[in-house]
Amino acid sequence: TAEDLPLQICRIMLFLQPIAILTQNAKLKTFCYTFGLPGALLAFVMPTFGNYPIMSFFYLRYIICHFVLALVPLLWVFGDKFRPRVKLWVLLTAVLALGVVMFGANVLIGSNYFYVNYLPTHVNINLPQPWHFIVMVSFMMAIVTITILPFLLRKKEPAL
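Not measured: the values here are computed from a predicted model.

Caption draft 1: Geometry of the overall build of the protein chain. Scanning the protein chain from terminus to terminus reveals 5 helices and 0 strands. Each helix and strand of the protein chain, placed in order from N terminus to C terminus, yields the pattern α-α-α-α-α. Burial analysis of the protein chain (160 residues in total) assigns 38% to the buried set. Summarising the internal contacts of the protein chain: among those between residues at least 6 apart in sequence, 62% fall at separations of at least 24.

This is the structure:
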């Protein structure tokens, strides 16, 4: 079905994080940190277990995968001293563009990737369009800003 494509941010990160680890590519690590970490953390706030009971294989896989997807960028930052270097306007433009693309793809294939068309049924704060899209993209922009803000505010390290 349309919902089985790997277009959720966490499914994308399942492919990109191992590549970032193997290549040590700073841009890819920055992408994984700024989009993967918030996506994985939001998966705990708005879980989508479907009709599976707690303590099923699906539930355990969901929890373990999202825990690892959040842990890897944190290990880069706190363990490897990785510092994402990106301009905030570039990130916010990327979030907006991604939201528009995903909205169009969702309408085209009848899906709901990135929840820009509507929230899961168990979250009772659905708004009519276009307000839902505006609120969700603004929320994603706020989360990405909060994630990258400590690195934008840090003092420049002195040159050796």
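Caption draft 2: Looking closely at the side chain of Gln 8. With respect to the helices, strands and loops of the structure, Gln 8 is situated in the segment before α1 (9-23). Once you skip the residues sitting within four places of it in the chain, Gln 8 turns out to touch Asn 112, Tyr 113, Phe 114 and Tyr 115.

Caption draft 3: View of α1. For α1, with 15 residues, the first-to-last C-alpha span of 20 Å sits near the 21 Å given by 1.5 Å per residue. Packing partners of the buried residues in α1 comprise α2 (26-45) and α3 (57-78). Of the residues trailing α1, Gln 24 is marked for its positive phi of about 55°.

Caption draft 4: Geometry of the packing of α2 against α3. Remark: α2 packs on α3, axes separated minimally by 9 Å, with the N-to-C direction vectors making an angle of 140°. It follows that α2 is oblique to α3 by the angle criterion. Judged by the sense of rotation from one axis to the other, the crossing of α2 with α3 is left-handed. Contacts between α2 and α3 pair Lys 29, Cys 32, Tyr 33, Leu 37, Ala 40, Leu 41, Ala 43 and Phe 44 from the former with Tyr 62, Ile 63, His 66, Phe 67, Leu 69, Ala 70, Pro 73, Leu 74, Trp 76 and Val 77 from the latter. Across the contact of α2 with α3, the residue classes tally to 16 nonpolar, 1 polar and 1 charged.

Caption draft 5: Just the environment of Tyr 59, in detail. With respect to the helices and strands, the residue Tyr 59 is situated in helix α3. Along the chain, Tyr 59 and Pro 47 lie 12 residues apart, while their C-alpha atoms are 9.7 Å from each other.

Caption draft 6: Looking closely at the nonpolar core. In this structure, Met 13, Phe 35 and Phe 114 are the most contacted members of the largest nonpolar core, which totals 29 residues. Leave out the neighbours within four places in its chain, and Met 13 touches Pro 18, Phe 31, Cys 32, Phe 35, Gly 36 and Leu 69.

Caption draft 7: Structural view of helix α5 (residues 131-153). The terminal C-alpha atoms of α5 lie 31 Å apart, and with 23 residues this matches the ideal 33 Å at 1.5 Å per residue to within 8%. Along its length, α5 shows its largest kink, about 40°, at Thr 147, and proline Pro 150 lies within four residues downstream of that point. Residues of α5 that are buried sit in contact with α2, α3 and α4 (88-109).

Caption draft 8: Focus on a nonpolar patch on the surface. Together, Leu 41, Phe 44, Ile 54, Met 55, Leu 60, Ile 64, Phe 67, Val 68, Leu 71 and Leu 75 make up a nonpolar patch on the protein surface, roughly 940 Å² of accessible area in all. Broken down by secondary-structure element, the contributors of at least two residues to the nonpolar patch are α2 and α3. Ranked by residues supplied to the nonpolar patch, first place goes to α3 with 6 residues. On the secondary structure map, Leu 71 appears in helix α3. Residue class for Leu 71 comes out partly exposed when judged on its relative accessible area of 33%.

Caption draft 9: The arrangement of unusual backbone geometry in detail. The phi angle at Gln 24 is positive, at roughly 55°, despite the residue not being glycine. Despite not being glycine, Lys 81 shows a phi value in the positive range, around 60°. The topology assignment puts Lys 81 in the loop between α3 and α4.

The rules behind these values
Residues numbered from 1 in each chain as written. Predicted model: local features only at pLDDT ≥ 70, side-chain atom pairs only at ≥ 80, totals over all residues. Heavy atoms only, no water. Helix = DSSP H or I, 4+ residues; strand = E, 2+ residues; numbered from the N terminus. Buried < 20%, exposed > 50% of the residue type's maximum accessible area, 1.4 Å probe, protein only. Contact = heavy atoms within 4.5 Å. Expected span 1.5 Å × (residues − 1). Axes fitted to C-alpha atoms, helices over the stretch in contact; angles between N-to-C directions. Parallel < 35°, antiparallel > 145°, perpendicular 65-115°, else oblique. Left-handed = near helix turned anticlockwise from the far one by under 90°. Nonpolar A, V, L, I, M, F, W, Y, C, P; charged D, E, K, R; others polar. Core = buried A, V, L, I, M, F, W, Y, C linked by side-chain atoms within 4.5 Å. Bend = angle between axes of the 7 residues up to and from the residue. Patch = residues over 30% accessible without salt bridge, like charges linked within 9 Å, V, L, I, M, F, W, Y side chains within 5 Å. Areas by Shrake-Rupley, 256 points an atom, 1.4 Å probe, with all protein chains shown as cover. Salt bridge = Lys/Arg side-chain N within 4 Å of Asp/Glu carboxyl O.

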